[in-house]
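Examination of the molecular architecture
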Amino acid sequence: MTEISTRHLSLDEVRTFAKSYLVKAGMNAAGSDVLANLVMMSERDGPRSHGLRMLPVYAQSFASGYANPDAMPKIARTAPGVLRADADNGYFQIAAEMARDDLIAMARENGIAALTCANSHHLGAMRFDTEPLAEAGLVALGVVNSLSMVVPHGGVRPVFGTNPMSFACPRDGTSPVVWDQASSVVALMDVKMAAAEGHDLPRAGGLDTSGQPSTDPDAILETRSLLPFGEHKGAAIAFMVEILGAALAGGTLSVNNEDREAHGALNVKGGATLIAIDPSRFGNASFNDYVTRVCAEIEGNGAARVPGDGRVGKRADATSTGIAVSTALLAELGFEG
C-alpha cells in the first residue's frame, strides 16, 4: 500500500473549511451549515468517504444545475402521523432538520410518525438522520434510494442503488445504538477512496469487465456494478428501500438516470423516508431494560460489539485529538489553513 502523507486538523477546522467551500460553491447560509456539519461528523465518526471527499461532489451538483444551492424546503402534515416534504431540489438533510421537532412531537403524540421527502438529494451517512431521534428517546428507521449501480442477485445489470438504511434506538446511561449500512457489499465512495489510496477492497464488492466478482476498485469503477450484500438477501433489502424510499415518497427510481446523466451527477433525485417510534407509547415499560440486556449479551461476547459502537470510539478520539487528512486531498480542495 502506498504511504499517504497527512496533515492534522481539528474538527472545528474541518467544519469551518467545509462551510467556506460550500458557500464558495453558491450554497446559502442555512444549507451550508447543515452540510458542513455532516462533513465534519463523517470525518469524526466515519465513513470518511462521506466527509471532505464529498465536497467536490456537492459543488458539482450546484455548478451543473442539478441541485439547488438555495433550497427552501416545504413541509406539510398530510395525516396525524405523516409529514411530507418537498426539498426544493436541495439536500434531504436540510428538510429533515427543519422537520425534526415536529416529527418528534408527532411521534410522542401518536406513538409513531413518519417523514417522507421527494425532490431531494442525499449524499452522506444515514446515521446522522436517525441519531438525533434516538437522542430524543425515540426508535428510528431511515431509508433512501440512490443511483442504480447494484446488480440484483443473478442479474447482469444494475437496478438498485446502494440504497442505504439506518436504525437507531436510545440506550440507558450512554450514547444511543446507531448503525447504518448500504444494501451493497461496499458503498461507491469507499470504492473511490480505495482507488485513490491505491489498495484493493478487503472482499469482492463489484463486477469487473468480464462480469466476475472483483476486489479491484479500478475495475469496479469501470463497470459501476456493485454486488448486494448477502446475495439474494441484500437484493431483497435493496428492493424494500426502493419502495419505502422512492415509491412511498414519490422520489425518482434508482434506474431513472436520464436527468442525472445529463448533469454528470453521482446521485438520483431519490426519495427518503424517516420513521420515528416512541417506545413509551407501546405498552412495555421495560423497553430500556430490553435494550440494555441485548447489548450486554453482545458486549464481551468474543470479539462481538453492539452494531455501530465501533464509531463511538472513533468519535471520542477525533473529538479529543482531531483527525489526519491526506495532504493530497487538502491540496485538491484548495485548503490553505
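This is a predicted model, so every value here is computed, not measured. (Residues numbered from 1 in each chain as written. Predicted model: local features only at pLDDT ≥ 70, side-chain atom pairs only at ≥ 80, totals over all residues. Heavy atoms only, no water.)

Remarks on the overall build of the chain
Across its full length, the chain carries twelve helices and eleven strands. Oriented by its inertia axes, the alpha-carbon framework of the chain measures out at about 55 × 50 × 45 Å. Residue burial in the chain is summarised as follows: out of 337 residues, 49% are buried. Relative to all contacts within the chain whose residues are 6 or more apart in sequence, the contacts with residues 24 or more apart total 66%. Accessible area for the chain stands at about 15,100 Å²; split by element, carbon and sulfur atoms hold 54% of it. In the chain, 27 positive and 38 negative side-chain charges are present, and the distance between their average locations comes to 2 Å. (Helix = DSSP H or I, 4+ residues; strand = E, 2+ residues; numbered from the N terminus. Buried < 20%, exposed > 50% of the residue type's maximum accessible area, 1.4 Å probe, protein only. Contact = heavy atoms within 4.5 Å. Areas by Shrake-Rupley, 256 points an atom, 1.4 Å probe, with all protein chains shown as cover. Lys, Arg positive; Asp, Glu negative; His and termini not counted. Charge placed at Lys NZ, Arg CZ, Asp CG, Glu CD.)

Brief notes about the packing of aromatic side chains
This model, assessed by the stated rule, comprises five aromatic pairs. With 6.0 Å between their ring centres and 90 degrees between their planes, Phe62 and Tyr91 make a pair best called edge-to-face. Taken together, the positions of Phe62 in helix H3 (residues 55-63) and Tyr91 in strand E3 (residues 82-91) put the pair 29 residues apart, joining distant regions of the chain. Under the relative-accessibility criterion, Tyr91 is labelled buried at 1%. Three or more aromatic residues link up through ring pairs in this structure, and these residues are Phe17, Tyr21 and Phe335. (Phe/Tyr/Trp six-rings, centres within 6.5 Å; stacked < 30°, edge-to-face > 60°.)

Points about unusual backbone geometry
Cis geometry marks the peptide bond from Gly46 to Pro47, where omega comes out at 0 degrees. Relative to the helices and strands, Pro47 resides in the loop between helix H2 (29-45) and H3. Of note, Glu231 is a non-glycine position whose phi angle comes to about 55 degrees, a positive value. Within the element layout of this structure, Glu231 appears in the loop between helix H7 (217-223) and helix H8 (232-249). What makes Glu231 partly exposed here is its relative accessible area of 49%.

Considering the sheet that holds strand E6 (residues 165-169)
An order of E2-E3-E4-E10-E5-E6-E7 is seen for the seven strands of this open sheet, with the pairing classed as mixed. Of all the strands in the sheet, just strand E2 (74-79) and strand E7 (177-181) have a single pairing partner and so form its edges. Each adjacent strand pair in this sheet contributes to an overall mean axis angle of 15 degrees, direction not counted. Taken strand by strand, helix H5 (residues 127-135) contacts strand E5 (139-144), E6, E7 and strand E10 (272-277), and its axis lies near 15 degrees from that of E6. (Pairing = 2+ DSSP bridges. Axes fitted to C-alpha atoms, helices over the stretch in contact; angles between N-to-C directions.)

Some remarks on the pairing of E5
Extensive coverage of E5 is indicated by the burial of five of its six residues. Both E5 and E10 contribute to a ladder of six bridges, which runs antiparallel. From the neighbouring strand, Ala140 faces E10, where its bridge partner is Ala276.

Some remarks on a negative patch on the surface
Among the surface-exposed residues, Asp200, Asp216, Asp218 and Glu222 lie close enough to one another that they form a single negatively charged patch. Position of Asp216 relative to the elements: it lies in the loop between strand E9 (213-214) and H7. On the basis of relative accessible area, Asp216 is assigned to the partly exposed category, the value being 31%. (Patch = residues over 30% accessible without salt bridge, like charges linked within 9 Å, V, L, I, M, F, W, Y side chains within 5 Å. Salt bridge = Lys/Arg side-chain N within 4 Å of Asp/Glu carboxyl O.)

Quick notes on the nonpolar core
If you look at the biggest cluster of nonpolar residues, it comprises 36 residues, and the most contacted ones within it are Leu52, Leu55, Tyr58 and Tyr91. Where this core is concerned, the elements lending two or more residues are helix H1 (11-24), H2, H3, strand E11 (323-326) and helix H12 (327-333). The dominant element in this core, judged by the number of residues it contributes, is H2, at seven residues. Other than its neighbours up to four places away in sequence, Tyr91 contacts Leu35, Tyr58, Ser61, Phe62, Ala67, His121, His122 and Leu123. Ranked by size, the runner-up nonpolar core spans 22 residues in total, among them Leu83, Leu103, Met126 and Ala276. (Core = buried A, V, L, I, M, F, W, Y, C linked by side-chain atoms within 4.5 Å.)

What about the pattern of salt bridges?
For the structure shown, the criterion picks out 13 salt bridges. Between Arg48 and Glu43 there is a salt bridge, with its nearest N and O atoms 2.6 Å apart. Residue Glu43 is classed as buried on the basis of its relative accessible area, which comes to 4%. Taken together, the salt bridges that share partners define one network made up of Arg44, Asp45, Glu131 and Arg315.

Brief notes about helix H11 (residues 310-321)
With twelve residues, H11 should reach 16 Å at 1.5 Å per residue; the first-to-last C-alpha distance of 17 Å fits that figure. The first or second residue beyond H11 is Gly322, which carries a positive phi of 85 degrees. (Expected span 1.5 Å × (residues − 1).)

A short note on the environment of Ile104
Looking at the element boundaries, Ile104 is found in helix H4 (residues 92-110). It is 9.7 Å that separates the C-alpha atoms of Ile104 and Pro132, two residues lying 28 residues apart in sequence. Beyond its immediate sequence surroundings of up to four residues, Ile104 is in contact with Leu133, Ala136 and Leu138.

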